[in-house]
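# Analysis of the macromolecular model
Here is what each chain is made of, one letter per residue.
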Amino acid sequence: EIDPQSCVALCNLGTLLQDAKKDHKGAIKMFQKALQINPLHTATLGNYATLCHDVLKDYDQAQLLYRQALAVEPSHCTTLVNYAQLLREVQGKVDEAERLLYQANAADPTDALPYCALGNLLRDSRKDNTGARKAFERAYELDPHNVH
């Protein structure tokens with residue numbers, strides 16, 4: 001049984017509904033309930049933003065939620081990476097996206113995700129194959145089984 005007053009439980013349920021069940025309306029409902037309990041819960045803000053970005057294509061709402069999450073926790077690695085992807089892929093803001101990815105690398109130098117995202121940015125947007133290769137190699141060193 002889910003505790004209806006637990007922000008973490010509601011966030012986790014929203015993520016489960018989104019990822020496993022593809023129940024996006026249900027996920028939104030859970031994320032909104034979680035944010036009513038704790039409007040500053042970084043994971044909920046970030047997960048809701050990712051749903052808006054990747055699935056619903058509501059880029060304005062996604063950007064608002066990413067910014068709220070980063071206002072609460074400026075070094076949240078996953079949020080930095082996801083927001084950087086929105087900036088680069090949707091808005092064409094490559095410089096700002098690159099800055100966020102370097103910030104994510106500094107925030108958690110043991111996480112492969114920002115190195116993968118940086119590699120993609122350097123390869124695709126900067127045409128910097130040498131820099132991209134270094135970023136991909138670092139990602140592989142950190143996590144050879146889960147390179148994105």
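Residues numbered from 1 in each chain as written. Predicted model: local features only at pLDDT ≥ 70, side-chain atom pairs only at ≥ 80, totals over all residues. Heavy atoms only, no water.

Oppositely charged side chains can pair when the atoms bearing their charge come close. The final tally for this structure, using the stated rule, is six salt bridges. Residues glutamate 89 and arginine 88 are paired through a salt bridge, measuring 3.6 Å at the closest nitrogen-oxygen approach. Its salt-bridge partner being glutamate 98, residue arginine 126 comes within 2.6 Å of it at the nearest N-O pair. In this pair, arginine 126 is assigned in the loop between α7 (112-124) and α8 (129-142) and glutamate 98 in helix α6 (residues 94-107), connecting sequence segments 28 residues apart. Salt bridges sharing common partners tie together Asp95, Glu98 and Arg126. (Salt bridge = Lys/Arg side-chain N within 4 Å of Asp/Glu carboxyl O. Helix = DSSP H or I, 4+ residues; strand = E, 2+ residues; numbered from the N terminus.)

All told, the structure shown has two aromatic pairs when counted by the stated rule. Measuring from ring centre to ring centre gives 5.6 Å for tyrosine 66 and tyrosine 83, while their planes differ by 35 degrees; the resulting arrangement is tilted. Of the two residues, tyrosine 66 sits in helix α4 (residues 59-72) while tyrosine 83 sits in helix α5 (residues 77-89), which places them 17 residues apart along the sequence. Each member of the pair, tyrosine 66 together with tyrosine 83, is buried. Positioned above the aromatic ring of tyrosine 115 is the side chain of arginine 138, whose terminal nitrogen or guanidinium carbon lies 5.8 Å from the ring centre. (Phe/Tyr/Trp six-rings, centres within 6.5 Å; stacked < 30°, edge-to-face > 60°. Buried < 20%, exposed > 50% of the residue type's maximum accessible area, 1.4 Å probe, protein only. Lys NZ or Arg CZ within 6 Å of the ring centre and 35° of its normal.)

With 39 residues, the main nonpolar core has Tyr48, Tyr83 and Leu101 as its most contacted residues. Mapped onto this core, the elements with two or more residues apiece are α1 (7-19), α2 (24-37), α3 (42-56), α4, α5, α6, α7 and α8. (Core = buried A, V, L, I, M, F, W, Y, C linked by side-chain atoms within 4.5 Å.)

On to the side chain of asparagine 105, then. Summarising the element assignment, asparagine 105 is placed in helix α6. In contact with asparagine 105, other than residues within four places in its own chain, are Pro114, Tyr115 and Leu118. (Contact = heavy atoms within 4.5 Å.)

Right, let's get into α5. With 13 residues, α5 extends 18 Å between its outermost C-alpha atoms, agreeing within 8% with the 18 Å of an ideal straight helix rising 1.5 Å per residue. Summarising burial for α5: ten of the 13 residues are buried, a large majority. Among the residues of α5, those classed as buried are Cys77, Thr79, Leu80, Val81, Asn82, Tyr83, Ala84, Leu86, Leu87 and Arg88. Contacts made by the buried residues of α5 are with α3, α4, α6 and α7. (Expected span 1.5 Å × (residues − 1).)

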